[in-house]
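Each chain, letter by letter, is given below.
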Amino acid sequence: MSLAYYLLLAAILFTLGAVIVMVRRSAVISLMGVELMLNSANLAFVTFARIHGEVAGEIMAFFVMIVAAAEVVVGLAIIVSIFKSRATTSVDDVNLLKN
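Residues numbered from 1 in each chain as written. Predicted model: local features only at pLDDT ≥ 70, side-chain atom pairs only at ≥ 80, totals over all residues. Heavy atoms only, no water.

### Describing the overall build of the protein chain
- A count of helical and extended segments in the protein chain gives three helices and zero strands.
- Seen in sequence order, the protein chain has helices and strands lined up from the N terminus as α-α-α.
- Considering only C-alpha atoms, the protein chain reaches an extent of 50 × 25 × 20 Å along its principal axes.
- Evaluated residue by residue, the protein chain yields a buried proportion of 22% over its 99 residues.
- Nonlocal contacts in the protein chain, meaning residues at least 24 apart in sequence, comprise 51% of its contacts between residues at least 6 apart.
- Working note: accessible area of the protein chain is about 6900 Å², and carbon and sulfur atoms make up 72% of it. (Helix = DSSP H or I, 4+ residues; strand = E, 2+ residues; numbered from the N terminus. Buried < 20%, exposed > 50% of the residue type's maximum accessible area, 1.4 Å probe, protein only. Contact = heavy atoms within 4.5 Å. Areas by Shrake-Rupley, 256 points an atom, 1.4 Å probe, with all protein chains shown as cover.)

In structure tokens:
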């Protein structure tokens, strides 16, 4: 199997994640879309590392996984806090950060 297929899969996954973030209004679903985009970037990093025969892309993918884990922790904490005060996770209904 050619490595170009992996890059095509990464592009499809990134596009799907971007569409999910733009279309869905639930904050939890939007976070899942962001995670899908980060995982597609990881797939592209590992594929390019495999093409060039270096470890740098795999190391970058590891750092992206660390950032994704931190993003999920902070994002879910904010979502739970907003849900406790507003009883909704809709991105449109939340305007707590104004002012």
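### Let's talk about the packing of helix α1 (residues 3-23) against helix α2 (residues 27-52)
- For the pair α1 and α2, interaxial distance at closest approach is 8 Å and the crossing angle is 165 degrees. Comparing the axis directions of α1 and α2 gives the class roughly antiparallel. When the axes of α1 and α2 are compared, the crossing they make is left-handed.
- Across the contact of α1 with α2, the residue classes tally to 19 nonpolar, five polar and one charged. (Axes fitted to C-alpha atoms, helices over the stretch in contact; angles between N-to-C directions. Parallel < 35°, antiparallel > 145°, perpendicular 65-115°, else oblique. Left-handed = near helix turned anticlockwise from the far one by under 90°. Nonpolar A, V, L, I, M, F, W, Y, C, P; charged D, E, K, R; others polar.)

### Re the environment of I29
- As for its placement among the helices and strands, I29 is situated in helix α2.
- I29 sits in the partly exposed class, given a relative accessible area of 26%.
- C-alpha of I29 to C-alpha of S90: the two residues are 61 residues apart in sequence and 9.8 Å apart in space.
- Setting aside residues no more than four positions away along its own chain, I29 makes contact with I20 and R24.

### Some words on the packing of aromatic side chains
- Enumeration over the complete set of coordinates arrives at one aromatic pair.
- Seen in terms of ring centroids, F62 and F63 are 6.2 Å apart; in terms of plane orientation they differ by 55 degrees. Their pairing is tilted.
- Classification of F63 as partly exposed rests on a relative accessible area of 47%. (Phe/Tyr/Trp six-rings, centres within 6.5 Å; stacked < 30°, edge-to-face > 60°.)

### Comments concerning the side chain of S40
- The topology assignment puts S40 in helix α2.
- Since its relative accessible area comes to 2%, S40 is described here as buried.

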